[in-house]
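Notes for the structure review
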Amino acid sequence: QVQLVESGGGLVQAGGSLRLSCAASGRTFSNYAMGWFRQAPGKEREFVARIDWKGGTTYYADVVKGRFTISRDNAKNTVYLQMNSLKPEDTAVYYCAADPTIILTATPSYWGQGTQVTVFS
(Lines give C-alpha, C1' and ligand atoms only; values in the text may rest on other atoms or scores of the structure.)
Protein backbone atom coordinates (compact mmCIF):
# COMPACT_ATOMS: atom_id res chain seq x y z
CA GLN A 1 0.00 0.00 0.00
CA VAL A 2 1.14 3.55 -0.68
CA GLN A 3 0.26 6.73 1.20
CA LEU A 4 -0.05 10.02 -0.68
CA VAL A 5 0.13 13.52 0.78
CA GLU A 6 -0.49 16.59 -1.38
CA SER A 7 0.75 20.10 -0.72
CA GLY A 8 1.14 23.39 -2.52
CA GLY A 9 -2.44 24.46 -2.98
CA GLY A 10 -3.60 27.97 -2.20
CA LEU A 11 -5.15 31.18 -3.44
CA VAL A 12 -3.82 32.70 -6.65
CA GLN A 13 -4.88 35.38 -9.07
CA ALA A 14 -5.91 34.41 -12.59
CA GLY A 15 -2.87 34.17 -14.82
CA GLY A 16 -0.67 33.11 -11.95
CA SER A 17 1.07 29.84 -11.18
CA LEU A 18 1.15 27.19 -8.49
CA ARG A 19 3.11 23.98 -8.10
CA LEU A 20 1.47 21.07 -6.35
CA SER A 21 3.51 18.30 -4.80
CA CYS A 22 2.51 14.79 -3.82
CA ALA A 23 4.80 12.86 -1.51
CA ALA A 24 4.45 9.11 -1.53
CA SER A 25 5.47 6.62 1.10
CA GLY A 26 5.00 2.98 1.91
CA ARG A 27 6.07 1.22 -1.27
CA THR A 28 8.60 1.55 -4.05
CA PHE A 29 7.50 4.78 -5.66
CA SER A 30 9.05 3.99 -9.02
CA ASN A 31 6.72 0.99 -9.39
CA TYR A 32 3.66 3.26 -9.45
CA ALA A 33 2.03 5.24 -12.18
CA MET A 34 0.94 8.63 -10.83
CA GLY A 35 -1.59 11.25 -11.71
CA TRP A 36 -3.71 14.21 -10.70
CA PHE A 37 -7.46 14.61 -10.63
CA ARG A 38 -9.60 17.50 -9.48
CA GLN A 39 -13.10 18.12 -8.22
CA ALA A 40 -14.82 21.47 -8.38
CA PRO A 41 -17.85 22.30 -6.18
CA GLY A 42 -20.95 20.60 -7.47
CA LYS A 43 -19.05 18.69 -10.14
CA GLU A 44 -17.70 15.20 -10.53
CA ARG A 45 -14.04 14.40 -10.07
CA GLU A 46 -12.17 14.74 -13.35
CA PHE A 47 -8.83 13.61 -14.70
CA VAL A 48 -6.12 16.26 -15.05
CA ALA A 49 -2.80 14.61 -15.88
CA ARG A 50 -0.87 11.37 -15.54
CA ILE A 51 2.71 10.16 -15.79
CA ASP A 52 4.00 6.64 -16.22
CA TRP A 53 6.08 4.87 -13.61
CA LYS A 54 9.42 5.84 -15.14
CA GLY A 55 8.39 9.37 -16.04
CA GLY A 56 8.78 8.91 -19.75
CA THR A 57 5.17 9.34 -20.85
CA THR A 58 2.69 12.00 -19.84
CA TYR A 59 -0.91 12.68 -20.78
CA TYR A 60 -3.16 15.66 -20.11
CA ALA A 61 -6.80 16.57 -20.17
CA ASP A 62 -7.50 18.94 -23.04
CA VAL A 63 -8.58 21.73 -20.68
CA VAL A 64 -5.11 21.92 -19.09
CA LYS A 65 -2.90 20.94 -22.02
CA GLY A 66 -0.21 23.55 -22.64
CA ARG A 67 -0.71 25.12 -19.19
CA PHE A 68 -0.03 22.29 -16.73
CA THR A 69 3.02 20.03 -16.54
CA ILE A 70 3.26 16.80 -14.57
CA SER A 71 6.64 15.46 -13.53
CA ARG A 72 8.11 13.07 -10.99
CA ASP A 73 11.29 12.66 -9.03
CA ASN A 74 11.62 9.00 -8.13
CA ALA A 75 14.60 9.73 -5.89
CA LYS A 76 12.37 11.98 -3.78
CA ASN A 77 9.22 9.83 -4.05
CA THR A 78 7.36 12.89 -5.26
CA VAL A 79 5.17 13.84 -8.19
CA TYR A 80 4.54 17.44 -9.16
CA LEU A 81 1.94 19.41 -11.04
CA GLN A 82 3.16 22.77 -12.31
CA MET A 83 0.15 24.90 -13.11
CA ASN A 84 0.63 28.05 -15.17
CA SER A 85 -1.80 30.57 -16.67
CA LEU A 86 -4.38 29.59 -14.09
CA LYS A 87 -8.02 30.39 -14.72
CA PRO A 88 -10.94 30.72 -12.30
CA GLU A 89 -12.37 27.51 -13.75
CA ASP A 90 -9.28 25.67 -12.46
CA THR A 91 -10.60 26.20 -8.94
CA ALA A 92 -11.02 22.77 -7.36
CA VAL A 93 -9.68 20.32 -4.84
CA TYR A 94 -6.74 18.59 -6.50
CA TYR A 95 -6.07 14.95 -5.70
CA CYS A 96 -2.97 12.89 -6.25
CA ALA A 97 -3.54 9.30 -7.34
CA ALA A 98 -1.43 6.19 -7.84
CA ASP A 99 -1.64 2.73 -9.35
CA PRO A 100 0.82 -0.17 -9.15
CA THR A 101 0.89 -0.25 -12.94
CA ILE A 102 2.88 1.24 -15.79
CA ILE A 103 0.04 3.58 -16.78
CA LEU A 104 -2.50 5.12 -14.43
CA THR A 105 -5.95 3.57 -14.77
CA ALA A 106 -9.24 5.43 -14.90
CA THR A 107 -9.96 4.34 -11.34
CA PRO A 108 -6.70 4.57 -9.39
CA SER A 109 -6.17 2.38 -6.37
CA TYR A 110 -4.69 5.02 -4.09
CA TRP A 111 -5.64 8.63 -3.37
CA GLY A 112 -4.37 11.53 -1.36
CA GLN A 113 -6.56 13.71 0.83
CA GLY A 114 -6.59 16.60 -1.65
CA THR A 115 -5.36 20.18 -1.67
CA GLN A 116 -7.50 23.21 -2.43
CA VAL A 117 -6.65 25.48 -5.35
CA THR A 118 -8.62 28.71 -5.66
CA VAL A 119 -8.11 31.05 -8.62
CA PHE A 120 -9.70 34.50 -8.41
CA SER A 121 -10.14 37.03 -11.18
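Above this text you will find the structure in question.
Residues numbered from 1 in each chain as written. Predicted model: local features only at pLDDT ≥ 70, side-chain atom pairs only at ≥ 80, totals over all residues. Heavy atoms only, no water.

In this section: the state of the cysteines. Cysteine pairs can be linked by a disulfide, which is a covalent bond between their two sulfur atoms. In this structure the tally under the stated criterion is one disulfide. Residue cysteine 22 pairs covalently with cysteine 96 via a disulfide, S to S 2.1 Å. Between cysteine 22 and cysteine 96, the disulfide has an S-S torsion of -80° and is therefore left-handed. Of this pair, cysteine 22 sits in strand β3 (residues 18-25) while cysteine 96 sits in strand β9 (residues 92-99), and the two are 74 residues apart along the sequence. Residues cysteine 22 and cysteine 96 agree in their burial class; the two are buried. (Disulfide = S-S within 2.5 Å. Helix = DSSP H or I, 4+ residues; strand = E, 2+ residues; numbered from the N terminus. Buried < 20%, exposed > 50% of the residue type's maximum accessible area, 1.4 Å probe, protein only.)

A few words now on the nonpolar core. Of all hydrophobic cores here, the largest spans 31 residues; its most connected members are Leu4, Met34, Trp36, Val79, Leu81, Met83 and Tyr94. Sorting the residues of this core by element identifies β3, β4 (33-39), β5 (46-51), β7 (68-73), β8 (78-83), β9 and β11 (115-120) as the ones contributing at least two each. Dropping the residues within four chain positions of it, methionine 83 is found in contact with Gly16, Ser17, Leu18, Leu20, Arg67, Phe68, Tyr94 and Val117. (Core = buried A, V, L, I, M, F, W, Y, C linked by side-chain atoms within 4.5 Å. Contact = heavy atoms within 4.5 Å.)

A few words now on the packing of aromatic side chains. A ring pair, where both rings are aromatic, is described by two values, the distance of the centres and the angle of the planes. Counting across every chain of the model gives five aromatic pairs. Consider the rings of tyrosine 95 and tryptophan 111, whose centres lie 6.5 Å apart with planes at 85°: the pair is edge-to-face. Here tryptophan 111 lies in strand β10 (residues 110-111) and tyrosine 95 lies in strand β9, a separation of 16 residues in the sequence. What makes tryptophan 111 partly exposed here is its relative accessible area of 32%. Within the aromatic cluster, the residues linked to one another by ring pairs are Phe37, Phe47, Tyr59, Tyr95 and Trp111. In this arrangement the basic side chain of arginine 45 is found over the ring face of tryptophan 111, its NZ or CZ atom lying 4.4 Å from the centre. (Phe/Tyr/Trp six-rings, centres within 6.5 Å; stacked < 30°, edge-to-face > 60°. Lys NZ or Arg CZ within 6 Å of the ring centre and 35° of its normal.)

On to the sheet that holds β8, then. Read from one edge to the other, the open sheet built from four strands follows the order β1-β3-β8-β7, with strand pairing classed as antiparallel. Here the strands that pair on one side only, and so sit at the sheet edges, are β1 (3-7) and β7. Between one strand and the next, the sheet's axes are offset by a mean angle of 15°, whatever the strand orientation. Looking at chain direction, β1 and β3 are connected through five bridges and run antiparallel. Bridge pairing in β3 links glutamate 6 to cysteine 22. (Pairing = 2+ DSSP bridges. Axes fitted to C-alpha atoms, helices over the stretch in contact; angles between N-to-C directions.)

Let us now look at unusual backbone geometry. Even without a glycine there, the phi angle at asparagine 77 is positive, about 55°. Along the chain, asparagine 77 turns up in the loop between β7 and β8. With a phi angle near 50°, serine 85 is a residue other than glycine that sits in the positive phi range. As for its position among the elements, serine 85 is in the loop between β8 and β9.

Close approach of charged atoms allows side chains with opposite charge to pair. Under the defined criterion, the tally for this structure stands at four salt bridges. For the salt bridge of aspartate 90 with arginine 38, the shortest nitrogen-to-oxygen distance reads 2.9 Å. Placement of aspartate 90 in the loop between β8 and β9 and of arginine 38 in strand β4 is noted, with a sequence separation of 52 residues between them. The pair formed by aspartate 90 and arginine 38 is uniform in burial state, with each residue classed as buried. Lysine 65 serves as the salt-bridge partner of aspartate 62, at 3.1 Å between the closest nitrogen and oxygen. Note on aspartate 62: relative accessible area 63%, which makes it exposed. (Salt bridge = Lys/Arg side-chain N within 4 Å of Asp/Glu carboxyl O.)

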